[in-house]
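So you can see what is in the structure, the chains are spelled out below.
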Amino acid sequence: MHSLVVESLNTGVLLIDSDYNLVYFNHFMRSHPALKRPDVLGKNIFEVFPELPKSWMTRKLQGVFMLDSPAFSSWEQRQFLFKMQHTRPITTNSEFMAQNISMLPIKSETGNSEVDHVCITVEDATDVYFYQEKLKLTLAELERSNRTDGLTQIANRRYWEERFNTAFLSAVRYQEELSLILFDLDKFKQINDTYGHQAGDKVLIESAALIQSMLRQHDVFGRYGGEEFAILLPNTQLQGAYELAERIRIAFANQVVNYKTDSIQATLSIGVVSYHSGIRNYDDMLTRADMALYQSKRCGRNKTTIYQAG
Amino acid sequence: MIEITITEEQRDCLQELINVAMGRASDKLARYLQTFVHLQVPHIELVSSAELPQTFAETYGDDNVTLLSQGFYGQDGISGETLLIYRADHTKNIAKILGYAPDEVSEMEQLTDISSILTTTFLNGLAEQIENQIAYSAPRVISSRETSIERHLQDLSFNWELALKVAISYQVTDYEFNCDMLLLIPGVAIENIQQVLNQILEEY
Amino acid sequence: MSLSVLICDDSALARKQVKKSLPDNWDVEVRVASNGLEAINMMREQIANVLFLDLTMPELDGISVLELLKLKRLAEYVIVISADIQPEMQKRVTELGALAFIQKPVNPEKLSNILKEYGLL
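What counts and what doesn't
- Residues numbered from 1 in each chain as written.
- Chains lettered and ligands numbered in written order.
- Predicted model: local features only at pLDDT ≥ 70, side-chain atom pairs only at ≥ 80, totals over all residues.
- Heavy atoms only, no water.
- Pairing = 2+ DSSP bridges.
- Helix = DSSP H or I, 4+ residues; strand = E, 2+ residues; numbered from the N terminus.
- Axes fitted to C-alpha atoms, helices over the stretch in contact; angles between N-to-C directions.
- Contact = heavy atoms within 4.5 Å.
- Buried < 20%, exposed > 50% of the residue type's maximum accessible area, 1.4 Å probe, protein only.
- 1 Å grid on protein atoms, 1.4 Å probe; cavity = no way out; pocket = protein on both sides within 12 Å on 5 of 7 lines; lining within 4 Å.
- Points joined across faces, edges and corners; volume = space filled by probe spheres on them.
- Nonpolar A, V, L, I, M, F, W, Y, C, P; charged D, E, K, R; others polar.
- Buried area = accessible area lost by both parts, 1.4 Å probe.
- Salt bridge = Lys/Arg side-chain N within 4 Å of Asp/Glu carboxyl O.
- Polar contact = N/O pair within 3.5 Å; in protein donor to acceptor, adjacent residues only side chain to side chain.

What follows deals with the sheet that holds strand β8 (residues 228-234) of chain A. Residue and element names in this part refer to chain A. On the basis of which strands lie adjacent, the open sheet formed by 5 strands has the order β7-β8-β6-β11-β12 and mixed pairing. Unpaired on one side and paired on the other, β7 (220-223) and β12 (303-306) mark the two borders of the sheet. Across the sheet, the mean angle separating the axes of adjacent strands is 15 degrees when strand polarity is ignored. Relative to strand β11 (residues 268-274), strand β6 (residues 178-185) runs antiparallel, the two sharing 7 bridges. Following the sheet pairing, Phe183 is matched in β11 by Ile270. Contacting β6, β8, β11 and β12, helix α8 (residues 238-254) runs over the sheet at an angle of about 170 degrees to β11.

Moving on to the environment of Val172(A). The topology assignment puts Val172(A) in helix α5 (residues 157-174). Since its relative accessible area comes to 34%, Val172(A) is described here as partly exposed.

What follows deals with the layout of surface pockets. A volume near 780 Å³ is recorded for the largest pocket. If you go around the largest pocket, you meet 27 residues; those closest to its centre are Pro70(A), Pro105(A), Ile134(B), Ala135(B) and Tyr136(B). Elements supplying a minimum of two residues to the lining of the largest pocket: β4 (99-106) and β5 (117-124) of chain A together with α4 (107-129) and β5 (135-136) of chain B. With 6 residues, the top contributor of residues to the lining of the largest pocket is β4(A). Grouping the constituent residues of the lining of the largest pocket by class yields 13 nonpolar, 8 polar and 6 charged. Of the voids in this model, the second largest pocket is the one considered here, and its volume is about 490 Å³. As for the second largest pocket, its lining consists of 22 residues, and the residues nearest its centre are Gln129(B), Ile130(B), Glu131(B), Ile200(B) and Glu203(B). Breaking the lining of the second largest pocket down by element, the ones donating at least two residues are α1 (8-33), α4 and α6 (188-203) of chain B together with α1 (12-21) of chain C. The element that contributes the greatest number of residues to the lining of the second largest pocket is α6(B), accounting for 6 residues.

Time to look at the interface of chain C and chain B. Taken together, the contacts link 19 residues of chain C with 20 residues of chain B. Both sides together, the interface formed by chain C and chain B hides about 1600 Å², and carbon and sulfur atoms give 58% of it. Among the residues of chain C in contact with chain B, Leu13(C), Lys16(C) and Gln86(C) are the three that bury the most area, contributing 35% of the side total. Our count for the chain C to chain B interface comes out at 2 salt bridges. For Glu9(B), the salt bridge identified is with Lys16(C), shortest N-O distance 3.6 Å. Connecting chain C to chain B are 7 residue pairs in polar contact (both at pLDDT 80 or more). Listing elements by their share of the side of chain C that touches chain B, those giving two or more residues are α1 and α4 (87-95) of chain C.

Take a look at the structure:
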């Protein structure tokens, strides 16, 4: 009766002796191609299943025999030990069965003080594996969308401020260079009024793409408000930041955005500031960039201004 | 609130059982790992679920720690969880202690493997003495450097109020390795273990 | 020879276990101590000549007790009863003059065999 139960379990069961020879396997395991051969009983499991990680598993099995205690392997660390098909090839995309494995000490006769066999159970965890992988992807996507501006696909304000805060603290602590470029599209309201909001959106999208292409990997480009943008430049001195701002300003002024039959051109007003010991916190630094930006606006727009103390 | 108290006699009895279990475990571990394993005298107390996150914060708050859990259940309603806590700077030698080839296994797998060995050898030693048989769930990584233990525990609402906590620390001096083990027996399982202790006390 | 026995263990349960494991026909007086310091004081007053000694104890542990007994030549018969059974520990206590090493929890048969072996029973 017992053996019938083990035979019909929805879990793989194998039994090996102290020489790691296969003594028994149940029906569930028959789907393993290696067990279709008639002469596998009595053979060493590492010969029968060449896919098993031999040295690691030998050490684990040694532990089961010596310590009289179980050992485990989880799909989270090793997707599988026995390379088998699983039962859901249609509705999951996993190639092999993800497995939770237990290796249990067995004393074949009561009164035996030594462990003489190990029972290996193989649970199909493909479902868990599949949904966990899906969850991971979903979470990653959620995190990405949580920090991205929907229109321009660059960092949104919340995420940009988070990054700026971290970079600011790091600049203070390690006395690193840190610069900030803040800019605003000139007369954006006019563009919207003249060509329509969809045209305005297209200007924003193309502008963001153009500027993004001019930045380094570590620079953080974010949409700060409606037509206001900010670039965080770690390890960058004031001069470098100013030169970059000028390149952006010129490239932007030369850019033509085509919308339906219209060709739209626009300019930027830019403020640049670099971290120095007089700046107390990151709001302070942003305000200074803002002041420089408005100086550019006051001076007739399409201009870059460096914040000057005093 | 359930009123559970542990008498001095029961505490003494449990402490002795644990000492013996630790002795057996360290002997087995010494043979398997081929190194001397030092275990300190355990600390036994009752903790409430409300204060558990705070306890963790105080003990491990500033450290880079990884926490693993392994559940166990035996006969007579003896069940609980063991928590293994590793400080980051003590994890680098685990592969060597376990006798794995370098880069053969990931750090998380090394941690689950050693946790399982420490938990099961110790609890088997306890089970033998109270003529019980214990089965184990697979060890799981609960929190690592990214999520603190305190945060993890705060997110949970426990269905027990009190747990019997046994704190044990392991040292493998040859490899500069140490870790803490907390054995937690929650809720009604405390009463079940008290019954076992009373039986032993009656015998003597 | 008239014998008296001292059982030294910090655990009340362990003391009771040892006491109960002593052979029924063994006519001895039994005293107990709950830590190493107490045991040393009692041995100094020559209260006992057979000592059953635990190793892991607060105040003064078993190893220190053995060292002191050896130094003061107070020991007649010391039998260590310990949970720590790693081979290194067994070697150490034998070197310090213990007659025998018994694993906890104590097995009565093994205990009486040891007593017989040393002519104490």
